[in-house]
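Letter by letter, the chains look like this.
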Amino acid sequence: MMTSRDRTSGGSFEAAADAVVSGDAVALQAMVASSPGLPVARSPRDHGAMLIHYVAANGVEDERQRTPPNAVDIAETLIKGGAEMNATFLDGASGTTPLVSLVTSIHPHRAGVASDLVEAFVAAGAKVNGLNDDGEPLRLALEFGFLESAEALVRCGAEVSTIAQAAGLGRIDLVTASLEGGGLPRTDVDAAFALACRYGWTAVAEVLLDEGVDIDAQGPSGFTGLMWAVRFGRLDTIKLLLDRGASMDITNDYGGTAFGVGMHFLQHAPEPGVDYAATIDALFSAGHRPPRGVAATGQMMVDAVLATHGFLRQGPAPTAHAMFAAIWRREADSVRAMLNDRPDLVDAWLTGNSWSEFAGMEVWDSRGYEAPRGLDPLAYATVLGAAECVRC
């Protein structure tokens, strides 16, 4: 639950929050010296965050979710001033402490200071196993994809208490010991397999397969181990899974196959360091065949792989812009054809991730129709009452 500290006056807290996220250590130190209560004060905003939550860069206002290079120094100023390292905010749940907020935020990781902040937070009293001593920080760090923070938590004393956590950390010794103990729920073993594939712990994945784990088990969002390995370009793991017969045809909750996952993240949210050309080549070499030709991606090496295997479709690719126009005209056949021609639009269609493609778009038709803002294609078709397009 939130602590009972009173919320501070808006002006002083807002100025301090700006200093935290901009990395202005001198200004912050001066503010804390003149107003010693700032490190334990709460924002007047509805979320009620403390300044230490702004260091975590998660759950506060969007424009302040950023991490300066000297974030550790900023944190130390607040810690010396008495920051409450296990304070919650928002709904007061255990997942809103500074530590959990930190290990589930992308900004400290992009800034390269996440593990140092984890160590600083825990040294200052943050409960490394979570408020309820249930391993929540470690579990969420792994689920959110932040191995750096997970490993820092373990260095700081976090218990590796489940087979999934052991698999996510690549701890084959702990995974083997858990399996030898027996009695594990199938869901726990499946979760361990998914994390092993996600992080590319091929030897761990192989041990789990040898123990009879379902290679095509689908977890959250319908992702299989192969889909996780493809998303993050874990080539050795992909080879293992394909050699062991993983299905390339299973679809996730968004209608995407493993190939579709690779194409979607290549075009919409590429992971740093992933060799998408080699990843896609592995799928094609194992026998995957897209239902139709694939439009050029603009990535030279990927397009070369598509061409080599005979799947590079000539001609312009359909766009989300064109798809919205077809929905407005109730041209269901056109919508269906576009989705068939560009499989990666299946994800965008369902999740709305492609809205950026037409942000700011105005007149797109000779009749001067202006597209409503903030709707994904499915919602747009629903609002228009375009039932045939909805069914696409």
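Structure first, text after, so check above.
A few points on the structure. (Residues numbered from 1 in each chain as written. Predicted model: local features only at pLDDT ≥ 70, side-chain atom pairs only at ≥ 80, totals over all residues. Heavy atoms only, no water.)

### Describing the packing of aromatic side chains
With the rule as written, the count across this model stands at five aromatic pairs. Their ring planes at 50 degrees and their centres at 4.8 Å tell us that Phe223 and Trp228 sit as a pair that is tilted. Both residues of the pair, Phe223 and Trp228, count as buried. Between Trp228 and Phe232, the ring centres sit 6.3 Å apart and the planes meet at 10 degrees, which makes this aromatic pair stacked. Phe232 matches Trp228 in its accessibility class, with the two residues each being buried. (Phe/Tyr/Trp six-rings, centres within 6.5 Å; stacked < 30°, edge-to-face > 60°. Buried < 20%, exposed > 50% of the residue type's maximum accessible area, 1.4 Å probe, protein only.)

### Notes on empty space enclosed by the protein
Enumeration over the complete set of coordinates arrives at one cavity of 30 Å³ or more. Approximately 50 Å³ is the volume found for the largest cavity. Lining the largest cavity are Met85, Asn86, Ser94, Thr97, Leu99, Val100, Lys127, Gly130, Leu131, Glu136 and Pro137. The class makeup of the residues in the lining of the largest cavity is five nonpolar, four polar and two charged. (1 Å grid on protein atoms, 1.4 Å probe; cavity = no way out; pocket = protein on both sides within 12 Å on 5 of 7 lines; lining within 4 Å. Points joined across faces, edges and corners; volume = space filled by probe spheres on them. Nonpolar A, V, L, I, M, F, W, Y, C, P; charged D, E, K, R; others polar.)

### Things to note about the layout of surface pockets
Size it by volume and the largest pocket reaches roughly 820 Å³. Taken together, 35 residues form the lining of the largest pocket, with Glu143, Arg198, Pro220, Ser221 and Trp228 sitting closest to its centre. Every element with two or more residues in the lining of the largest pocket is listed here: α8 (136–143), α10 (163–168), α12 (186–199), α14 (225–231), α16 (258–268) and α21 (345–351). The residue inventory of the lining of the largest pocket, partitioned by class, reads 13 nonpolar, 14 polar and eight charged. Within this model, the second largest pocket holds a volume of roughly 530 Å³. Around the second largest pocket sit 18 residues that line it, and Gly145, Phe146, Phe232, Glu271 and Pro272 are the ones nearest its centre. Among the elements that make up the lining of the second largest pocket, the one with the highest residue count is helix α6 (residues 106–110) (three residues). Of the residues assigned to the lining of the second largest pocket, the class counts are 11 nonpolar, two polar and five charged. (Helix = DSSP H or I, 4+ residues; strand = E, 2+ residues; numbered from the N terminus.)

### Structural notes on the environment of Gly130
Following the sequence through the fold, Gly130 ends up in the loop between α7 (114–123) and α8. A residue is classified by how much of its surface remains accessible, and Gly130, at 7% relative accessible area, is buried. Residues Gly130 and Gly95, spaced 35 residues apart in sequence, show a C-alpha to C-alpha distance of 8.2 Å.

### Focus: the packing of helix α15 (residues 235–243) against helix α17 (residues 276–285)
It is at 10 Å that the axes of α15 and α17 come closest, and there the two elements cross at 5 degrees. As the angle between them shows, α15 and α17 are arranged roughly parallel. Across the interface between the two elements, Leu235, Ile238 and Leu242 from α15 touch Ala278, Thr279, Ala282 and Leu283 from α17. (Axes fitted to C-alpha atoms, helices over the stretch in contact; angles between N-to-C directions. Parallel < 35°, antiparallel > 145°, perpendicular 65-115°, else oblique. Contact = heavy atoms within 4.5 Å.)

### Comments concerning helix α13 (residues 202–210)
Among the residues of α13, those classed as buried are Thr202, Val204, Ala205, Val207, Leu208 and Leu209. Buried positions along α13 lie against α10, α11 (172–181), α12 and α15. Phi turns positive, to about 95 degrees, at Gly212, one or two residues after α13.

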